[in-house]
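Descriptive analysis of the structure
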Amino acid sequence: MLRRCKARMLLSKATGLVPPIAYPSTPVSSKVAHSFLPPHSISVRNIAAMSEHTLDPRVLDALFQQKRSLRSRLRKQLKNMDPIQRSQEDNAIQNIVLEAPWFRASESMCAYISCASLREVDTSRIVSETKRKLYVPRVEDRNSNMRMLKISSLEDLIANSMNILEPALVDFQGNQREDVMQAEDPVDLIIVPGLAFDKSGRRLGRGGGYYDMFLKKYQELATQQKWKQPLLVAVSYSLQILEEEAIPVTPSDVPVDALVSPAGFMPISPAALEWNR
């Protein structure tokens, strides 16, 4: 209780707001009921607009600690997920994506290549059945730098040192693969992975910051080029979806526009509502 009160006082001092103590109601988040959570009065985008130099370092440290705790709990739940249920949910999620109007209308997209050892939602059908221009991730270093390179098929992928499939820098003919950041035309859809998502669009990644950094850079590029911002859609198992504002927010976090779970498509932002018409 003292720890929660101290965190509330720190955030109040840093933001000028007095936050309520929020207790998520889903099975996953109920286990972190004793953690301080960001207030309902501070939106994802308001926190994201702040810099890490603006917030009190102790507040940031408390938020990062909550994220670490939540990641640990989600990893355990994903590890214990029934294989049959996992397969059923993988199929349901991919069916929803492949039949969605926003997916069918997209002409170019970025999507992750799912990894079984990471217990990610399967995207094999999404990336193999697409007829549009496709960019997939390649991790460059341990400093959160990631590129999205164009591929023609899954045969363009090779296993990296972590046994995760990613594109080589050059194709079979020795030509440099197109980087989405240097492409002449924009992508209109990005399929995003994560450990957890909440119903207000907050995303909990794995802690490397790769997607948040890439998404920020691409959104800045789209703004500079006066392109329409891509639709950010997260695919998620049922147990990965938490109640609104259940995930702690830090300034580097990028929210998603919509969620896809076995239950269906959940638009969050106005852009998602527009795309789903």
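For the structure, check the block above.
The present account deals with the structure reproduced in this document. (Residues numbered from 1 in each chain as written. Predicted model: local features only at pLDDT ≥ 70, side-chain atom pairs only at ≥ 80, totals over all residues. Heavy atoms only, no water.)

A few words now on the pairing of strand E2 (residues 133-139). Looking along a regular strand, one sees side chains alternate from face to face of the sheet. In terms of residue burial, E2 counts as a mostly covered element, since five of its seven residues are buried. Note: strand E1 (residues 108-111) against E2, three bridges, orientation parallel. Among the inter-strand pairings, Met109 is bridged to a residue of E2, identified as Leu134. Sheet topology places E2 next to strand E3 (residues 146-151); six bridges connect them, and they run antiparallel. (Buried < 20%, exposed > 50% of the residue type's maximum accessible area, 1.4 Å probe, protein only. Helix = DSSP H or I, 4+ residues; strand = E, 2+ residues; numbered from the N terminus. Pairing = 2+ DSSP bridges.)

It is worth spelling out the sheet that holds strand E9 (residues 231-235) at this point. Pairing is mixed across the open sheet formed by seven strands, whose spatial order is E3-E2-E1-E6-E9-E11-E12. Strand pairing shows two members of the sheet lacking a second neighbour, E3 and strand E12 (264-267), which therefore form its edges. Across the sheet, the mean angle from the axis of one strand to that of its neighbour is 25°, orientation sign disregarded. Contacts from helix H4 (residues 83-99) reach E9, strand E11 (258-261) and E12, with the element oriented near 130° to E11. Helix-sheet contacts for helix H7 (residues 210-225) involve E1, E2, E3, strand E6 (189-192) and E9, and the interaxial angle to E3 is about 70°. (Axes fitted to C-alpha atoms, helices over the stretch in contact; angles between N-to-C directions. Contact = heavy atoms within 4.5 Å.)

On to the sheet that holds strand E7 (residues 196-198), then. Taken in spatial order, the three strands line up as E8-E7-E10 in an open sheet, and their pairing is mixed. Of all strands in the sheet, those with a lone pairing partner are strand E8 (203-204) and strand E10 (241-242), marking the two edges. Sheet analysis places E7 next to E10, joined by two bridges and oriented parallel. Among the inter-strand pairings, Phe197 is bridged to a residue of E10, identified as Ile241.

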